[in-house]
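# Working through the structure, step by step
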Amino acid sequence: MKIQTQTTKSNSILSIVKYGDPILRRKVEDITDFTSLPNMTEQMFNTMYEESGIGLAANQVGWSLNILVLDTSSIEGEENNKPYSFINSKIIKTEGEIVLEEGCLSVPDIRADINRPETIILRYQDLDQNFHENIFTGIVSRVIQHELDHLQGKLFIDYL
Ligand code: ZN
């Protein structure tokens, strides 16, 4: 027997936590149990796309866990155009600096030029718990740094 299991996209759209909610100010916990991660990251991607975002940290959907997702393919000229999900990620090296404009799904209607390192080396785990170290630059590097701030309880407006 085949059961109709097709779920509509809206079932996996989560609410974005907005500025003022204390969860955005708490440092998240590292992931130790990876079993729910495929489902959780899928919901985060769906929510991010629904909100026209290019990056999302788990505490922005109410989960105080070390997960971030991003996809910059909607930005013209961006070559690193594929979805990424990073678990338990940490920046281990930075180089250069660059001013780029940032906005945030949790802080609507504010955009600001923020100075950050241009290039980073990120250590992270994938959904299968494998460890990686990769170099990122450009918009992807910027989004990672913005989302990693979220996971530390920090917002981009703290730099203003
Ligand atoms: Zn943000």
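Refer to the structure presented above.
First, a word on scope: everything that follows refers to the structure included in this document. (Residues numbered from 1 in each chain as written. Predicted model: local features only at pLDDT ≥ 70, side-chain atom pairs only at ≥ 80, totals over all residues. Heavy atoms only, no water.)

### Remarks on helix α2 (residues 138–151)
Turn by turn, an α-helix covers 3.6 residues, leaving residues three or four places apart pointing in a common direction. A rise of 1.5 Å per residue sets the reference length of α2, with its 14 residues, at 20 Å; its end C-alpha atoms lie 20 Å apart and thus fit the reference within 8%. The set of residues buried in α2 consists of Val140, Ser141, Arg142, Val143, Ile144, Gln145, His146, Glu147, Leu148, Asp149, His150 and Leu151. Phi turns positive, to about 85 degrees, at Gly153, one or two residues after α2. (Helix = DSSP H or I, 4+ residues; strand = E, 2+ residues; numbered from the N terminus. Expected span 1.5 Å × (residues − 1). Buried < 20%, exposed > 50% of the residue type's maximum accessible area, 1.4 Å probe, protein only.)

### Remarks on the side chain of Thr47
Take Thr47: it is sitting in helix α1 (residues 37–50). For Thr47, a relative accessible area of 0% corresponds to the buried category. Leaving out residues up to four positions away in the same chain, Thr47 has contacts with Ser12, Ile13, Leu14, Ile16, Leu56 and Val61. (Contact = heavy atoms within 4.5 Å.)

### Quick word on the environment of Val61
Residue position: Val61 is located in the loop between β1 (55–57) and β2 (67–70). Overall, the relative accessible area of 9% leaves Val61 in the buried class. In sequence terms Val61 and Pro38 are 23 residues apart; their C-alpha atoms lie 16 Å from each other. Once residues lying within four places of it in the same chain are set aside, the contact partners of Val61 are Leu14, Ser15, Val17, Met44, Thr47 and Leu56.

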